[in-house]
Structure formats: C-alpha cells, structure tokens
Amino acid sequence: NKVLEAFPETINGVASSPASDHLFQVRPPLEAKLLPEIQARAYHHTTAQLLFLSRVQRDIQTTVVFLTTRVKAPDEDDWGKLKRVLKYLFGM
C-alpha cells in the first residue's frame, strides 16, 4: 500500500497480470519520448520500492527486473509498464 500511496498518480483499475505482451519491446532512442526529470525520479523511486517488494511478491519479479534496466533514461512507455504493475498490485 505504501508504494501505491507514494506514487504521484492515482492508480485506478486493475490488471490481470503484472506485464503485457510488449514488456520487452523498447522504442529506438530517436523515437522514444523521455520522461521529465521529476517523473523520472518518481519512476526510479517506485522501481526501487518494487524491487524490494519483489523478494516476497515473486509474480512481479520479471517485470520489475526489466523496469530496473530502464531507470537511467525511462520513457513514456516505461511509465505505462510501471503503472501496469501497480494496477496489478492494486487489484490483489
């Protein structure tokens, strides 16, 4: 609950799984729209929280590990993937 409360956007709705089929698809750097600095920090912070949580919540591990590879330069697609994990957790 603390992860959901600290997230800067309200999470509404639920997801049936922590990731969709396009989890590992990444746009080329010239096509990707990077997140603003404040949003990128929130992405990094939330991903770190989820990494800690994934030690006990094993069904999110694959998604969280992928999200951690994107913390240096997250884009809008990564933000959507992060929100999907949070929707999954919200629905539990």
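You'll find the structure just up there.
Every residue gets a number counted from 1 within its own chain, in the order that chain's sequence is written. Two thresholds apply to this predicted model, a pLDDT of at least 70 for residue-level local features and 80 or more for giving and counting side-chain atom pairs, whereas whole-chain, interface and lining totals are computed over all residues. Derived side-chain values reflect all non-hydrogen atoms in the structure, with water molecules and hydrogen atoms excluded from consideration.

### Focus on the packing of aromatic side chains
And then number 1: Any Phe, Tyr or Trp ring, taking Trp's six-membered ring, that has another such ring centre within 6.5 Å forms a pair; planes under 30 degrees apart are called stacked, those over 60 apart edge-to-face, and the others tilted. With the rule as written, the count across this model stands at 2 aromatic pairs.
And then number 2: Here F7 and W79 contribute two aromatic rings whose centre-to-centre distance is 4.9 Å and whose plane-to-plane angle is 25 degrees, an arrangement assigned as stacked. Here W79 lies in helix α4 (residues 76-90) and F7 lies in the loop between α1 (2-6) and α2 (37-53), a separation of 72 residues in the sequence. Note on accessibility: F7 and W79 belong to one class, buried. Starting at the N terminus, helices and strands are each numbered in turn, a helix being any DSSP run of H or I of at least four residues and a strand any DSSP run of E of at least two. To sort residues, take the accessible area from a 1.4 Å probe on protein chains only and compare it with the maximum for the residue type: under 20% means buried, over 50% means exposed, and anything in between is partly exposed.

### Concerning the packing of α2 against α4
Working note: a packed helix pair is described by the angle between its axes plus the distance between those axes.
And then number 1: Running from N to C, α2 and α4 cross one another at 40 degrees; their axes reach a closest spacing of 11 Å. Compared by their axis directions, α2 and α4 come out oblique. The handedness of the crossing between α2 and α4 comes out as left-handed. Each of Q39, A42, Y43, T46, T47, L50 and L53 in α2 lies in contact with α4, whose residues at this interface are D78, W79, L82, V85, L86 and L89. In this analysis an axis means a line fitted to C-alpha atoms, helices contributing only their contacting stretch, and an angle means the value between N-to-C directions, from 0 to 180 degrees. Orientation labels follow simple angle bins: below 35 degrees gives roughly parallel, above 145 gives roughly antiparallel, 65 to 115 gives roughly perpendicular, and whatever is left gives oblique. Each helix crossing is assigned a hand: it is left-handed if the near helix lies turned anticlockwise from the far helix by less than a right angle, otherwise right-handed if that turn is clockwise. We call two residues contacting when some pair of their heavy atoms lies within 4.5 Å.

Read these as spatial facts, not as claims about activity.
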